[in-house]
Amino acid sequence: MKRTLSWGVLVVLFAANQLHGQQKDTVYTIDPVIVTATQAKERETPATFSNLTLTQLKERYSTQDIPVLLSELPSIMTYSEGGNGIGYNYINLRGFDQRRISVMINGIPQNDPEDHNVYWIDFPDLMASTDNIQVQRGAGSAFYGPPAIGGSVNLVTNPFRNAPGITLETMLGFQEFGDSANSLALNTKKYSAAFNSGLVEGRYMFYGRLGKILSDGYRTNSYVDLDSYFLGGIRFDKNMTTRFHFFGGPLEDGLAYHGLPKSVQKDKTLRRQNLTGYSDGKTFVWTGLRRAQELENFSQPHYEFIHEWKLSQKITLHNTLFYYTGEGFFDYDASFADTSMLRIGYSYGIPAVQNPTNTLVRAYVGNRQWGWLPRFELEHENGNLTLGTELRIHHSTHWGRIQFAEGLPSNFDPDYHFYEYNGEKDIFSVYAHELYRMQEHMTLMADLQFVYNKYGIKNEKYLNNNFTVQYYFVNPRIGVNYNWNDEWNSYLSLAYTSREPRLRNLYAAEDSYFGAVPQFTTNDQGKYDFSSPMRTPEHLFNIELGARFKSETAQLAGNVFWMEFSNELVKTGQLDIFGQPVTINAERTRHLGIELDGAVAVGEAFALTGNISLSRNRHVHFRFIDNGVQLVLDRNPIAGFPDVLGNLRVTYRNEALTASALMKYVGPFYTDNFENEAHKNDAYTVLNSEISYNVPEVFGVRLGLRGEVRNILNSLYFMSGEANAFFPAAERNYVLGLNVGL
């Protein structure tokens, strides 16, 4: 299954530490949040980026997952398999799916090494412990981790506070279903408790949070049951800071990974269906309702050790060690599978006289990943130099077995694995980052990264398709920022980035039982040449040109981008068994766009924020053979890329009350590359609102009230789709919340 950030330094003064009745005054210099080289800074870093601050996160977060919060930033859209933003959610940045977005938490890469995907469901309620988020758009915005094609998302968890306290929180979500008089139902619940120690003995802080989120989902059997935990400790010494984080949470959810026919969009009953089926090569064919037994259980604990050592006034050494495990399964319908697919019968030593029926397959995934991310920072006369490296080792185990079926052979071993293999990936990179002050108002940024990746499949049962594939990349970036005056600055950035295909592009080994084969060329004897994969790395040259304005009452930013691809991995129009698109290389593609972002204070209490993105995403040269016929898709729009995205928020704030309303617009886009009108996700506009009120403190008790209305106009729309299968958004729904601080 399936970061970070601040350059500021805070001086914390405290007079504490009672030792045997003696009071000792101590002064420490500490970083308020975790610092990494990936952080962009206004008027200094020539990069296109947006931030979500702690205040914004507190105002907007309640129960929904991280992608929902990110979707308000420029050029981001999101969709949810369950429809209500809790569970399996996905983001697209400039139209690029999250497999090509570098996601980090506390400077640590989160994209699955094999699949490249990000499983946000594995971070339940993480937003409650997050300090800030930065999203950088464009190539090369991360110096390590998976190559940033669309951009990078960096989350910082910094829940430690100077004052001790306990916080209790509960949320209740109500959702409208259909047209009946009793259509409003309680379908979401959240409970959490958090503890902050404050400063202990003058140098320690501890934090703990436990929580649970329950939701029925919008679609039938798309429920989630998410437990969450976050435990952390920090120690401050005179010249160093040491942190330990442990977070994650076991989960269970009902599978809902297939979309729906476009014809059900306006039907309030049928659009809540959870259907299953198969791809016939061009379209999705629905076969009926998904079985209630199709579910997932998974847990991914994260262990992080983060250390900063100030060797001198100008030299700092950072070290991050992490260890992630992930283990679980998902059960899915395999009624289509016969004895040969399930590898039972006389040839496998399992005599069978009939095909099993009503088969339910359990697919197991076990992951282990550890890594070391050291970084050396030198502040020199005219700038800052950062040298770093990345070492990550990933191992996995995958197997499938028959969880249930009728008509199995007598004495069938229930632990029999009809597919099994081990995956591995080694990742090593070194990078240099220089931010050089050419003159008082001008900074030059130069980055250079060398990357080595090694994929491998070992111990494949039955077919023995074992291989190792290695990739080497050099990714440069250069940019300049110029501050024209105290209000205006502009920047130019040039970057070149390469990214390897994901493992399923090489071989979907877990699908081998129903026909998936290695995607490698074959020799004269028909044997696979594992040194010659058919899917090649994609390469991107990216130009970013932008300007920013900042005054006491307004912040405005605008930029243009040109992204020129060779061998971009794009959709063929086919879907795999799990509803995910099959991809191949397109020889040349091009993405052009303009992004505008701004915030304006209106009087003392009102603020207006918003953004708009206009883009053109086209195939320049894309031709491939399909069933013996050459398809020419030159100049076609690229699937999944809307040409227009926009957000507008109005906020009112005073000392106790915050109220805001958000309008989001997503333009139409095709769900495959054939410019088929039947495979187009229609444009939609949705309106949401939030309100919170802090009751005056009484006897040291702080009370906060919260309310939300999502999809105020009760629009019936699809958020996204794959081919002819679309994902519906929930109808109008409500959240009520209570927060108690002690």
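Residues numbered from 1 in each chain as written. Predicted model: local features only at pLDDT ≥ 70, side-chain atom pairs only at ≥ 80, totals over all residues. Heavy atoms only, no water.

Engineer: How should the packing of aromatic side chains be read in this particular structure?
Structural biologist: The way to describe two aromatic rings as a pair is by their centre distance and the angle between their planes. Tallied over the entire structure, the rule returns 42 aromatic pairs. The interplanar angle of 10° and the centroid separation of 6.4 Å between the aromatic rings of Phe 177 and Tyr 218 together place this pair among those described as stacked. Here Phe 177 is found in the loop between strand E11 (165-176) and strand E12 (184-196), whereas its partner Tyr 218 is found in the loop between strand E13 (204-215) and strand E14 (224-236), with 41 residues between them in sequence. Each member of the pair Phe 177 and Tyr 218 is classed as buried. (Phe/Tyr/Trp six-rings, centres within 6.5 Å; stacked < 30°, edge-to-face > 60°. Helix = DSSP H or I, 4+ residues; strand = E, 2+ residues; numbered from the N terminus. Buried < 20%, exposed > 50% of the residue type's maximum accessible area, 1.4 Å probe, protein only.)

Engineer: Would you take a moment to explain the nonpolar core for this structure?
Structural biologist: If you look at soluble globular proteins, the nonpolar side chains tend to sit buried side by side. If you look at the biggest cluster of nonpolar residues, it comprises 52 residues, and the most contacted ones within it are Leu 70, Ile 133 and Val 153. Broken down by element, this core gets its largest block of residues, 5 residues, from E14. Apart from residues no more than four positions distant in its own chain, Leu 70 is found in contact with Leu 52, Ile 76, Ile 91, Trp 120, Ile 133, Val 135 and Val 153. Among the nonpolar cores identified, the runner-up in size contains 20 residues, and Leu 255, Tyr 257, Phe 418 and Ile 577 belong to it. (Core = buried A, V, L, I, M, F, W, Y, C linked by side-chain atoms within 4.5 Å. Contact = heavy atoms within 4.5 Å.)

Engineer: Would you take a moment to explain the environment of Arg 732 for this structure?
Structural biologist: Inspection of the secondary structure assignment puts Arg 732 in the loop between strand E43 (725-728) and strand E44 (733-741). Given a relative accessible area of 22%, Arg 732 falls into the partly exposed group. Residues Arg 732 and Ile 638, 94 residues apart in the sequence, show an inter-C-alpha distance of 31 Å. Here Arg 732 is in contact with Gln 175, Glu 176, Val 709, Arg 710, Asn 711, Ile 712, Leu 713 and Asn 714, once residues within four sequence places are set aside. Within the structure, Arg 732 has its side chain in polar contact with the side chain of Glu 176 (distance 2.9 Å). (Polar contact = N/O pair within 3.5 Å; in protein donor to acceptor, adjacent residues only side chain to side chain.)

Engineer: What's the story with the side chain of Thr 320 in this structure? I'm lost.
Structural biologist: Topologically, Thr 320 is positioned in strand E21 (residues 315-333). Given the relative accessible area of 11%, Thr 320 is considered buried. The residues contacting Thr 320, other than those within four sequence positions of it, are Ile 108, Phe 305, Ile 306, Gly 371, Trp 372 and Leu 373.

Engineer: Looking at this structure, how should I read the pattern of salt bridges?
Structural biologist: When their charged atoms lie close together, side chains carrying opposite charge are able to pair. Scanning the model with the defined rule gives 45 salt bridges in all. We note a salt bridge from Lys 212 to Asp 227, for which the minimum N-O separation is 2.8 Å. One end of the pair, Lys 212, is in strand E13; the other, Asp 227, is in strand E14, and 15 residues separate them in sequence. Here Lys 212 falls in the partly exposed class, since its relative accessible area comes to 26%. Owing to a relative accessible area of 27%, Asp 227 belongs among the partly exposed residues under this scheme. The residue Lys 571 makes a salt bridge to Glu 722 at a minimum N-O spacing of 3.0 Å. Here Glu 722 lies in strand E42 (residues 718-722) and Lys 571 lies in strand E31 (residues 554-575), a separation of 151 residues in the sequence. Take Lys 571 and Glu 722: they sit in the same class, and that class is buried. Among the charged side chains, a network of salt bridges with common partners joins Asp 97, Arg 100, Arg 499, Glu 538 and Glu 568. (Salt bridge = Lys/Arg side-chain N within 4 Å of Asp/Glu carboxyl O.)

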